[in-house]
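Okay, here's what each chain looks like letter by letter:
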Amino acid sequence: MLPQNRETKKEREKQKNKRERGENSCNMAEPTQPLLTDSNSSSPRSLDDTIESYIGSFGWAQFLQAALVSFSGVFDAQQTFISVFTDSEPTWHCTDSNSICHESISNICILPKTAWSWDYSPHVSVISEWGLQCAGSFVKGLPESSFFVGCLIGGLVLSTLADSSLGRKNMLFLSCLVMAISTMLTVFSPNIWVYAVLRFVNGFGRATIGTCALVLSTELVGKKWRGRVGIMSFFGFMLGFLSLPLMAYINRGSSWRILYVWTSIPTIIYCVLVRFFVCESPRWLFVRGRKEEAISILKRVASIPSTDVNIGGAISMSFSSLPFEDEEEKPNNVNIFTTMKVLVEKRWALKRLSAVMAIAFGIGLVYYGMPLALSNLDFNIYLSAAFNALMDLPANLITLFLVDKLSRRNALIGFTALGGVSSVLIFALQNMRIGNHGELQLALELISYFSACSAFNMEMIYTIELFPTCVRNSAIAMARQALVLGGVFSPIMVAAGSKNAFWSFGLFGLAIGLLGLFAVGLPETRGSDLCDTMDEEECKDRRSKVAINSVIA
């Protein structure tokens, strides 16, 4: 019993020392001692300030890196929405004046095969090529569902690798490579089952592209440009979405396999560019203890060449001053499960993560559901997809130019509320039996989709600022997983909404509007520094609370 008592006493002393170190590191009575001193400039207060002071907030090298990384959104969007065209049911016509064909024009399945024919070659869609026009909704929707399930599983399995062993760059390269290879292999699918498996693999690889691109691009620049650079990845996604209707229209009447060829070859070329020209995040390298590599990258992207000689020693001092509690808690010992464990064990982190995931789920229902629900509004598939893709442009522009002026919390609540009201109004119009409200319904659908895009943009930037470097990639990945989970449910809701609009537009509006209110409990982060460790984030919160209490008093 004596050894056990001594061990218990030792553990209590260790916990006491940790608490004392935490209190000392977050001492509110006196300002924290600067990490560096310089007679000619103000002293940086954190690793974020140190990096920005010695390499500059934003330069051409940083811009080119961020632009190249953000271009991954083009290929991400193409694989996300490609099934809108490859898996659609083609139009058909009667082959003769048979009265049975005309009387049953809405039900192709009871007609003899000799009474009708596809308007184009059967190879234009997987539905017509494999004769799935009379198959159940499960079989028809299996490839798209498999893709989103792959996104979910891939996000859960791969999300923490970018924070732990692989890093941002290698994870981006691996994800794009898996997506490119699976896209090319999809061209050779012999049946719906192999096609669904390859779509699952495609979604599995694609799962972390958006997360890695967003985090990597924003960690390469100073905090002043962080919001604007974060929007670049959304512009890439918009460009990819907008390119699909154009490619599909040019390819109309040709095999659906050609569309996969057109999207796979550029992705393979992009993988080569990422491998040889993209830099790893210097912030992540420092947190992982690889200081020499980080310093080398910082010198490459520095926009203040005159200070190159000071970068190494200055940032090394900053890194060594970070408030790690214990040797075993340093980032070098992080494994694939550690980041998620930290997020769950810290009460404040779990609260933030739960809130951003709830909001993302509501956004995902509208973001993925609205383009699918256009079939319920009876609009041309090419025009409707193009209109929805174009809605990304004003959403990105508004976020780009107002990101430094808008309150993160208030903007997120406002966008989700607008999307919710617009979607519920579509349901209300469909239940009105007076007049034709088709154009008004389309306008409301575009407003709702625009609001979802803007809310998504704002939440991703918000999430970057809510979590420290050691868990940031994992937190964003979980938020995106919640978004994809909304995409899994949205096709089912759209199918049910074909008979009763409440199950699609009604629930879409209620979900995004109500779940958006979770942002009320989150702290405002506009203009704040990015933290690197959980302790640093906690210290910042304590200072913020003390400042608020002093103002109230």
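The structure reproduced in this document is the subject of the present report. All of these numbers come straight from a predicted model, not from anything done at the bench. (Residues numbered from 1 in each chain as written. Predicted model: local features only at pLDDT ≥ 70, side-chain atom pairs only at ≥ 80, totals over all residues. Heavy atoms only, no water.)

## Observations concerning the side chain of Arg 199
Stated formally: Each helix corresponds to a stretch of at least 4 residues labelled H or I by DSSP, and each strand to a stretch of at least 2 residues labelled E; elements are numbered beginning at the N terminus. Each residue is assigned to one of three classes by its accessible area relative to the maximum for its type, calculated with a 1.4 Å probe on protein chains only: buried under 20%, partly exposed between the two thresholds, exposed over 50%. Charge assignment: positive for Lys and Arg, negative for Asp and Glu; neither His nor the chain ends contribute. Take a side-chain nitrogen of Lys or Arg and a carboxyl oxygen of Asp or Glu: if they are within 4 Å of each other, that pair is a salt bridge. Residue contacts are counted whenever heavy atoms from the two residues lie within 4.5 Å of one another.
By secondary structure assignment, the location of Arg 199 is in helix H10 (residues 192-206). Although Arg 199 lies buried, it forms no salt bridge, and the closest oppositely charged side chain, Asp 87, sits 5.7 Å away as judged by the N-O distance. Not counting the four nearest positions on each side in its chain, Arg 199 is found in contact with Gln 79, Ile 82, Ser 83, Pro 143, Ser 146, Phe 147 and Tyr 260.

## Side note on the pattern of salt bridges
Inspection of every chain in the model, using the stated rule, returns five salt bridges. With its nearest N and O atoms 2.8 Å apart, the salt bridge here joins Glu 293 to Arg 290. Note on Arg 290: relative accessible area 33%, which makes it partly exposed. Linking Glu 465 and Arg 408 is a salt bridge whose minimum nitrogen-to-oxygen distance equals 3.0 Å. One end of the pair, Glu 465, is in helix H22 (residues 438-466); the other, Arg 408, is in helix H21 (residues 408-430), with 57 residues separating them in the sequence. Residues Glu 465 and Arg 408 agree in their burial class; the two are buried. Salt bridges linked by common partners bring Asp 76, Arg 206 and Arg 480 together as one network.

## Remarks on the packing of aromatic side chains
Selection rule: Planes of paired rings set the category: under 30 degrees apart is stacked, over 60 is edge-to-face and the rest tilted, where pairs are Phe, Tyr or Trp rings (Trp by its six-membered ring) whose centres lie within 6.5 Å.
Following the criterion strictly, the structure yields 24 aromatic pairs and no others. A centroid spacing of 5.0 Å and a plane angle of 85 degrees characterise the contact between Trp 116 and Trp 118, whose relative ring orientation is edge-to-face. Overall, the relative accessible area of 10% leaves Trp 116 in the buried class. Taken together, a centroid distance of 5.2 Å and an interplanar angle of 85 degrees make the contact between Tyr 367 and Tyr 368 edge-to-face. Comparing Tyr 367 with Tyr 368 shows no difference in burial state: the two are buried. Clustering of aromatic rings is evident, with ring pairs tying together Phe 81, Phe 147, Phe 148, Phe 237, Phe 241, Tyr 367, Tyr 368, Tyr 449 and Phe 456.

## Let's talk about the side chain of Ser 490
Worth spelling out the cut-off: Throughout this description, a polar contact denotes any pair of N or O atoms lying within 3.5 Å of each other; where both atoms belong to protein, one of them has to be capable of donating a hydrogen while the other can accept it, and for residues adjacent in sequence the pair is counted only when both atoms sit in side chains.
Assignment of secondary structure puts Ser 490 in helix H23 (residues 469-497). Classification of Ser 490 by relative accessible area gives buried; the value is 0%. Here the side chain of Ser 490 touches Gly 487 through a polar contact of 3.0 Å, landing on its backbone oxygen.

## A few points about the environment of Ser 384
Tracing the sequence through the fold places Ser 384 in helix H19 (residues 381-390). Spatially, the C-alpha atoms of Ser 384 and Leu 442 are 8.8 Å apart, while their sequence positions differ by 58 residues. Excluding residues that lie within four positions of it along the chain, Ser 384 makes contacts with Leu 374 and Phe 379.

## Points about the environment of Leu 517
The topology assignment puts Leu 517 in the loop between helix H24 (505-515) and helix H25 (534-552). Under the relative-accessibility criterion, Leu 517 is labelled partly exposed at 46%. The spatial distance from the C-alpha of Leu 517 to the C-alpha of Thr 416 is 8.4 Å, given a sequence separation of 101 residues.

## Observations concerning H21
To keep it simple, the criterion reads: A helix's residues, less one, multiplied by 1.5 Å, set its expected span.
Taking 1.5 Å per residue as the helical rise, H21 with its 23 residues ought to reach 33 Å, and the 34 Å between its terminal C-alpha atoms agrees with that figure. Along H21, the residues that are buried comprise Arg 408, Ala 411, Leu 412, Phe 415, Thr 416, Gly 419, Gly 420, Ser 422, Ser 423, Ile 426 and Leu 429.

## Focus: the packing of H21 against H24
Each pair of packed helices gets described by two things: the angle between the helix axes and the distance between those axes. Definition in use: Think of each axis as a best-fit line through the C-alpha atoms, taken over the contacting stretch in the case of a helix, with angles from 0 to 180 degrees between the N-to-C directions. Throughout this description, any angle smaller than 35 degrees is read as roughly parallel, any larger than 145 degrees as roughly antiparallel, any in the 65 to 115 degree range as roughly perpendicular, and the remainder as oblique. The handedness criterion is simple: a crossing whose near helix is rotated anticlockwise from the far helix by less than a right angle is left-handed, and one whose near helix is rotated clockwise is right-handed. Nonpolar residues are Ala, Val, Leu, Ile, Met, Phe, Trp, Tyr, Cys and Pro. Charged residues are Asp, Glu, Lys and Arg, and all others, Gly as well, are polar.
Between H21 and H24, whose axes approach to 7 Å, the crossing angle comes to 160 degrees. By the criterion of interaxial angle, the relationship of H21 to H24 is roughly antiparallel. Viewed along their axes, H21 and H24 form a crossing whose handedness is left-handed. Facing H21, whose interface residues are Thr 416, Gly 419, Gly 420, Ser 423, Val 424, Ile 426, Phe 427 and Gln 430, H24 presents Phe 505, Gly 506, Phe 508, Gly 509, Leu 510, Ile 512 and Gly 513. Partitioned by chemical class, the residues of the contact of H21 with H24 number seven nonpolar, eight polar and no charged.

## Comments concerning the packing of helix H4 (residues 72-81) against helix H9 (residues 167-186)
One can describe the packing of H4 onto H9 by two numbers: an axis separation of 11 Å at closest approach and a directional angle of 40 degrees. Put simply, H4 runs oblique to H9. The hand of the H4/H9 crossing is left-handed. Of H9, the residues touching H4 (which contributes Ser 72, Phe 75, Asp 76 and Gln 79) are Leu 172, Cys 176, Met 179 and Thr 183. In the contact of H4 with H9, the residues fall into four nonpolar, three polar and one charged.

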